[in-house]
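# Chain and residue survey
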Amino acid sequence: MQKWIVANWKMNGSKNLLNEYKNAFKSIENLIVCPPFIYLEESADLIFGAQNVNQLAKGACTGEISVQMLVEREVKYCLVGHSERRQQFHETNNIVRSKAEACLGANITPIICIGETLEQYEANQTTEVLERQLAECSPSESGFWIAYEPVWAIGTGKTPTTDEISAVHFMLRKKLPNTTLLYGGSVNDDNAATIIAIPNVDGVLVGGASLDVAAVAVILKHAR
Ligand code: 13P
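Residues numbered from 1 in each chain as written. Predicted model: local features only at pLDDT ≥ 70, side-chain atom pairs only at ≥ 80, totals over all residues. Heavy atoms only, no water.

### A closer look at the overall build of the protein
- Looking only at helices and strands, the protein features nine helices and eight strands.
- With the C-alpha coordinates of the protein rotated into their principal frame, the extents come out at 40 × 40 × 30 Å.
- Split into buried and exposed, the 224 residues of the protein put 52% on the buried side.
- Taking as baseline every contact in the protein between residues at least 6 positions apart, the subset at least 24 positions apart corresponds to 69%.
- When the accessible surface of the protein is summed, it comes to about 10800 Å², and 49% of that surface belongs to carbon and sulfur atoms.
- In the protein, the 19 positive side-chain charges and the 25 negative ones have mean positions that sit 3 Å from each other. (Helix = DSSP H or I, 4+ residues; strand = E, 2+ residues; numbered from the N terminus. Buried < 20%, exposed > 50% of the residue type's maximum accessible area, 1.4 Å probe, protein only. Contact = heavy atoms within 4.5 Å. Areas by Shrake-Rupley, 256 points an atom, 1.4 Å probe, with all protein chains shown as cover. Lys, Arg positive; Asp, Glu negative; His and termini not counted. Charge placed at Lys NZ, Arg CZ, Asp CG, Glu CD.)

### Looking at the packing of aromatic side chains
- For the coordinates displayed, the defined rule picks out eight aromatic pairs.
- Pairing Trp4 with Tyr77 gives two aromatic rings, centres 6.1 Å apart and planes at 55°, and the pair type is tilted. Linking Trp4 in strand E1 (residues 4-8) with Tyr77 in strand E4 (residues 77-80), this pair joins segments that are 73 residues apart in sequence.
- With a relative accessible area of 12%, Tyr77 lands in the buried category.
- With a centroid separation of 6.5 Å and an interplanar angle of 55°, the aromatic rings of Trp9 and Tyr39 are classed as tilted. Here Tyr39 lies in the loop between strand E2 (31-34) and strand E3 (47-50) and Trp9 lies in the loop between E1 and helix H1 (15-24), a separation of 30 residues in the sequence. Just as Trp9 is buried, Tyr39 falls in that class too.
- Through a chain of ring-to-ring contacts, three or more aromatic side chains come together here, namely Trp9, Tyr21, Phe25 and Tyr39. (Phe/Tyr/Trp six-rings, centres within 6.5 Å; stacked < 30°, edge-to-face > 60°.)

### Considerations on the sheet that holds E1
- Taken together, eight strands build a closed barrel; the order of strands is E1-E2-E3-E4-E5-E6-E7-E8 and the barrel is parallel. Each strand axis lies, on average, 25° off the axis of its neighbour in the sheet, ignoring direction.
- As paired strands, strand E6 (residues 145-148) and strand E7 (residues 181-184) are joined by three bridges and run parallel to one another. Bridge assignment links Tyr148 to a residue of E7, and that residue is Tyr183.
- Of the strands in this sheet, strand E5 (109-114) and E6 touch helix H6 (residues 126-137), which is tilted by about 150° from E5. (Pairing = 2+ DSSP bridges. Axes fitted to C-alpha atoms, helices over the stretch in contact; angles between N-to-C directions.)

### Regarding the pattern of salt bridges
- Tallying each qualifying case throughout the model produces nine salt bridges.
- Glu91 is the salt-bridge partner of Lys99, the closest N and O atoms lying 2.7 Å from each other.
- The exposure class assigned to Lys99 is buried, which follows from its relative accessible area of 2%.
- Between Lys175 and Glu131 there is a salt bridge; the shortest N-O distance is 3.5 Å. Of this pair, Lys175 sits in helix H7 (residues 162-175) while Glu131 sits in helix H6, placing them 44 residues apart in sequence. (Salt bridge = Lys/Arg side-chain N within 4 Å of Asp/Glu carboxyl O.)

Following this line, the structure appears as structure tokens:
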């Protein structure tokens, strides 16, 4: 089975990078690209996801984007609760769940991000932290995806061991048998083959390496 590659550009990229993606990855069915809002297009060439959405339908929220606006752009997926949003924009588990519910209500698949901090990892609290995040962030309705992104692995070049990722994904699979489960955190063209092959990893969420079209092409090769 093909595995998913989700490219999270974060606050990076350009029109130029979007064009490079369109040229290199036209009609690829297992690549979801999440650029900043301004680069989301109604395009048959790429599958688009948003990096964030507001949980409210409309209103006085300067600078925010609603699910219906994403629907108008034909966006099919949306990251919610990325650790950068939790840390920098104070998103709580409650807010994350509201965003995920808003997405499901608009037929957008929310990709809910969970993960432990370095302190929690070192204190052996990973399972406990993830279980709490799952319980508090998951909507009652099915249809969401989960991305396991250890906070300490994001942008650091460090990843958990294969056994650690495997153990977390086994735990997630037991709780969510029919849910797509991604791993994210320092995935690149060198380690993607190993990570993608771990049981119960249905794909990868890629940050920094997704800004390099050649690296994405290599990661995609390992995902087929
Ligand atoms: P990096 O791949 O740069 O570590 O980022 C991971 C991430 O946060 C993807 O959402």
